[in-house]
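Read off the chains here:
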Number of protein chains: 2
Amino acid sequence: MPDVPSAHPITLGPVTNDFPEGADSKRRGRATLKDVAHRAGVSVPTVSRVIAGNYPVALSTKRRVEKALRELDYVANTHARALRGHGAGTVALVLQDVRGEAFAQFAHGIEEEASRRGRLCLLCVSGGDPDRELQAVHLMRQQGAEAVIVIGGVVDDEAYRRRMSEIARSLDQAGSRLVLCGRPPLGEGVPVTVVEYDNEGGAYAVTSRLLAAGHRRILLFGGDVAHTTSAQRFAGYRRALTDYGVPYEKDLVVKAAFDRGDAYLRMRERLAAARDFTSVFALTDVVAAGALRALTEAGLQVPGDVSLVGYDDVPPATDLRPLLTTVHVPYEDMGRTAVRLALDHRGDSGRVAGEGHVLLGTHVVVRDSVAPPPPAGTA
Amino acid sequence: MPDVPSAHPITLGPVTNDFPEGADSKRRGRATLKDVAHRAGVSVPTVSRVIAGNYPVALSTKRRVEKALRELDYVANTHARALRGHGAGTVALVLQDVRGEAFAQFAHGIEEEASRRGRLCLLCVSGGDPDRELQAVHLMRQQGAEAVIVIGGVVDDEAYRRRMSEIARSLDQAGSRLVLCGRPPLGEGVPVTVVEYDNEGGAYAVTSRLLAAGHRRILLFGGDVAHTTSAQRFAGYRRALTDYGVPYEKDLVVKAAFDRGDAYLRMRERLAAARDFTSVFALTDVVAAGALRALTEAGLQVPGDVSLVGYDDVPPATDLRPLLTTVHVPYEDMGRTAVRLALDHRGDSGRVAGEGHVLLGTHVVVRDSVAPPPPAGTA
DNA sequence: TATGGCTTAGTTATCGTTTTCTATCGCCTG
DNA sequence: CAGGCGATAGAAAACGATAACTAAGCCATA
């Protein structure tokens, strides 16, 4: 019987055995290839082949299988698939906090590029804790992620480098790839892809802009130099100072967490202590928002009395009045680039650090928060 | 030889065969249990038992295995594990856009609760496209996610309900759970968990506040009533109007996308057409930000000339001047709740819609953007 | 009419892990 | 001293899917 149209699910003589696991409408768990094969009266690989479409199957058989597939609402099991060959097709993503605008942009870029390439995204939040970050990467490794992308700065000590390098090698050996995004490389010979932005350059550029406007006392506000992101911005600030022949003053550096609340508080404290600056370089836009509030509440005009610049160029920066002059960072681009590099180069383990090292440009976005310092010295 | 301390990786007579796949330092791919077992001179299950720790293993054996584990940098294969029993321990997350503050808060709550329970998060972005959303859910189903959480409103038509209901049933049958977050249920008998917030109530409350301040011409600004989130807020607005005996006017409803740019443009258009309102109910804080900019640029004082309220109470709302009166929505809580409900109730398929339906409260956050309408009628 | 090739399907092995199920040893108890 | 039990370890099966073989028809060609 080569081509029975099968009005009923085909029934082959006494071999029928149509209810091996009961009326299968009440099956617990999802239908497997076996269930489908059984219902269609074919073998398991045949069903697999109908699905994959990479092998000739008679039209009548194909139709029968497709019917069974539909009736049983078959859904493939990714794990079994991943086990048998090609990885799981996932890209992992480790960041501090999804709620940060910059991180969200990163994540968006990554997700976009990943899904464009048919990959799924695994998300892990570290809360900025290095241990949790390492743990997260370990989890991702278990998942067989094709790439593990770690986003954002870090407190860069010896222990971190050692452990992350180990992980990089382990990932590399497993055919996966560690990508550091917005974070410096780990050193020679460590198999890592690095996607950075010109952080120091951006900081240099905004600081220069303040200096060019005539400011000499620029408060560096926010962050903590132990953190790579802050450190690089700090470096740009210092270099600009040097180039303008302005001496660096330790008292003009004020720490603050990267959130509105803490920034507001710290700026208020600083203002209470001394008003000995004519401008503020806030290390992020969010910090700038908090600072702006404190400045305004203290009766200072921005930019009339005090100029203010930020960093990141996140959308809410356009809510501030005056509109904030800031540094644009191509976060989404970086995310996309990270995925692209990781997926394209994956596997050719001949690579070492340096080959997969990209540096994206930043630029100052000039808006309304910078003016020349007030004539006398409002301090 | 019961207890050899094994200075060297144990060597058993002629059976040694220590290099079956070459000097294994150069193995491609990750080390498997087999590799470890081989190196430790034990069987595969023994290694598995050492790792799981759920079966007695002689101390000397255990030590030997642990050494091999370390030396080979063994990492378990989640897929194999997931295949052989318990699921993969993942929770899936489908949302429109990570960059939205509200979504990000959702995601944060979900990630937090999920990782607290030892689950990993799968992230999918739909871009607000129903087809991509369905497709995403399908992918998650393949992954065997323990819960699939879909976040945010939707254009609620017949096709959507039918297809989502199917998916809900399919997920349920597979021992998983569909959770609708910030989105209405699908109807009787559909196995879905729903976590909503009192959207209509919040809208009623803010609108009432404007009415109580004396406003009679309130512009409902942003969104599109086809979308459930907008529709509910619109309903609250109308109910408040009714309760205050204020007639509803179609001309006071203006559509706008949920982003600053479009909101700014639409408000500018509306102001150019007619200034026939004394207050604005922006459907989200971001829309309020765009509206505020247009209002200010048009020379209107907020709240002196026009009062403004928002919805969502996201952090950047505190950047606006005046500080925005808005409605607080417990997004993070909702995320946590979604995970909790899905994971706790999972499996007892006796449930139907209704049991897993939670409604979280909202409340107005009073700040500085509402005042009585100007005496004459600045319109 | 034999031979070979094409088409189609089924068999078998495999991925890495966990879970039975067996088997061996030593020792205790009656 | 035999029966049995606790401790330990290996062997075998299973999870679901796929790829590599193998086999059975059938047609065409020599």
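Here the structure is a predicted model, which means the values were calculated and not measured.

With that out of the way, let us pick up the protein's contact with DNA strand C. With respect to spatial proximity, 27 residues lie near DNA strand C, and among them A:Tyr55, A:Thr61, A:Arg84, B:Leu33 and B:Tyr74 are the closest. Near the protein, meaning within 4 Å, the atoms of DNA strand C are sugar or phosphate in a fraction of 61%, with bases accounting for the rest. Here A:Tyr55 contributes a side-chain N or O atom positioned 2.5 Å from a base nitrogen of DNA strand C. Looking at the surface near DNA strand C element by element, the count peaks at four residues for helix H2 (residues 44–52) of chain B. Split into classes, the residues belonging to the surface near DNA strand C amount to 14 nonpolar, eight polar and five charged.

Let's shift gears to the interface of chain B and chain A. The partner chain A presents 53 residues to the 54 residues of chain B that form the contact. Summed over the three residues of chain B that lose the most area to chain A, namely B:His79, B:Arg99 and B:Leu120, the buried surface amounts to 14% of that side. On the surface where chain B and chain A come into contact, there are six salt bridges. Linking chain B with chain A are 23 residue pairs in polar contact (both at pLDDT 80 or more). Within the residue set of the side of chain B that touches chain A, elements represented by two or more residues are helix H4 (78–83), helix H5 (101–116), strand S2 (120–125), helix H6 (130–142), helix H7 (158–173) and helix H11 (285–297) of chain B.

This part covers the state of the cysteines. In the structure shown here, the tally under the stated rule is zero disulfides over all chains. Free of any disulfide, A:Cys121 has its nearest neighbouring cysteine sulfur in B:Cys124, separated by 7.8 Å.

We now examine the sheet that holds strand S4 (residues 178–181) of chain B. Taking strand neighbours across the sheet as the criterion, the twelve strands line up as S11(A)-S5(A)-S4(A)-S3(A)-S1(A)-S2(A)-S2(B)-S1(B)-S3(B)-S4(B)-S5(B)-S11(B) in an open arrangement whose pairing is mixed. Where the open sheet ends on each side, the last strands, each with one partner, are strand S11 (357–360) of chain A together with strand S11 (357–360) of chain B. Geometrically, the sheet is characterised by an average inter-axis angle of 20° between neighbouring strands, direction not taken into account. Sheet contacts for H7(B): strand S3 (147–151), S4 and strand S5 (192–197) of chain B; angle to S4(B), the most-contacted strand, approximately 135°.

Moving on, we get to the relation of the copies chain B and chain A. The operation linking the two copies of the chain is a rotation about an axis combined with a translation along the axis. When chain B is fitted to chain A, the best match, at an RMSD of 0.1 Å, comes from turning it 180° and sliding it 0.0 Å along the axis. The two molecules are tied by a two-fold rotation axis, judged by turn and shift. By residue overlap, the copies meet face to face through one surface: 98% of the interface positions of chain B are interface positions in chain A.

Another point: the domain arrangement of chain A. Partitioning chain A into domains gives domain 1 (13–76), domain 2 (89–198 + 331–360) and domain 3 (199–329). Using C-alpha coordinates to define each centre, domain 1 of chain A is positioned 65 Å away from domain 3 of chain A.

This part covers the pattern of salt bridges. Scanning the model with the defined rule gives 54 salt bridges over all chains in all. In this structure, A:Arg183 engages A:Glu133 in a salt bridge whose closest nitrogen and oxygen atoms are separated by 2.7 Å. Here A:Glu133 lies in helix H6 (residues 130–142) and A:Arg183 lies in the loop between strand S4 (178–181) and strand S5 (192–197), a separation of 50 residues in the sequence. With a closest N to O distance of 3.2 Å, A:Glu297 and A:Arg293 form a salt bridge. Residue A:Glu297 and its partner A:Arg293 are both found in helix H11 (residues 285–297); the two are separated by four residues, about one turn of the helix. A:Glu297 gets classed as partly exposed once you look at its relative accessible area, which sits at 49%. Each of A:Asp97, A:Arg99, B:Glu112, B:Glu332, B:Asp333 and B:Arg336 takes part in one network of salt bridges that share partners.

Around DNA strand D lies a shell of 27 residues, among which A:Leu33, A:Tyr74, B:Tyr55, B:Thr61 and B:Arg84 are the nearest. Each atom of DNA strand D within 4 Å of the protein was assigned to sugar, phosphate or base; sugar and phosphate come to 58%. Taking A:Arg81, its side chain carries an N or O atom lying 2.7 Å from a phosphate oxygen of DNA strand D. At 2.3 Å from a phosphate oxygen of DNA strand D is found a side-chain nitrogen or oxygen belonging to B:Thr61. Secondary-structure elements contributing two or more residues to the surface near DNA strand D are helix H2 (44–52) and helix H4 (78–84) of chain A together with H2 of chain B.

Here we come to the side chain of A:Glu113. Residues and elements named next belong to chain A. Of note, glutamate 113 is situated in helix H5 (residues 101–116). Its relative accessible area of 5% is what places glutamate 113 among the buried residues. Ignoring anything within four residues of it in the chain, the contact list for glutamate 113 reads Arg336, Val339 and Arg340.

Reading the values: rules and limits
- The numbering scheme is per chain: residues are counted from 1 as the chain's sequence reads.
- Chain letters start at A and ligand numbers start at 1, both assigned in the order the entries are written.
- Under the rules for a predicted model, residues below a pLDDT of 70 receive no local features and side-chain atom pairs below 80 are neither given nor counted, while totals for whole chains, interfaces and linings still include all residues.
- As a convention, hydrogens and water are excluded, and side-chain values are obtained from all of the structure's heavy atoms.
- Being near a molecule or strand, for a residue, means having at least one of its heavy atoms within 4 Å of it.
- Distance and chemistry together define a polar contact, namely a pair of N or O atoms within 3.5 Å, with one atom able to donate a hydrogen and the other to accept it when in protein, and with adjacent residues in sequence counting only for side-chain atoms on both sides.
- Labels follow the DSSP assignment, with helices taken as runs of H or I lasting at least four residues and strands as runs of E lasting at least two, numbered in each case from the N terminus.
- Ten residues, namely Ala, Val, Leu, Ile, Met, Phe, Trp, Tyr, Cys and Pro, are considered nonpolar, four, namely Asp, Glu, Lys and Arg, are considered charged, and the remaining ones, Gly among them, are considered polar.
- Contact criterion: two residues are considered in contact whenever any of their non-hydrogen atoms come within 4.5 Å of each other.
- Using a 1.4 Å probe, buried area is obtained as the accessible area two parts lose upon being combined, added over both of them.
- Salt bridge, as used here, is a side-chain nitrogen of Lys or Arg placed within 4 Å of a carboxyl oxygen of Asp or Glu.
- Cysteine sulfur pairs qualify as disulfides if the two atoms are within 2.5 Å.
- Pairing between two strands requires that DSSP report at least two bridges joining them.
- Angles shown run from 0 to 180 degrees and are taken between the N-to-C directions of axes, each axis being a line fitted to C-alpha atoms and, for helices, limited to the stretch in contact.
- Least-squares superposition of the copies uses the C-alpha atoms of those residues scoring a pLDDT of at least 70 in each of them.
- Each domain's limits were defined by an automated method or a database of domain assignments.
- Buried means the residue's accessible area, taken with a 1.4 Å probe over protein chains only, is under 20% of the maximum for its type, while exposed means over 50%, and partly exposed covers the values in between.

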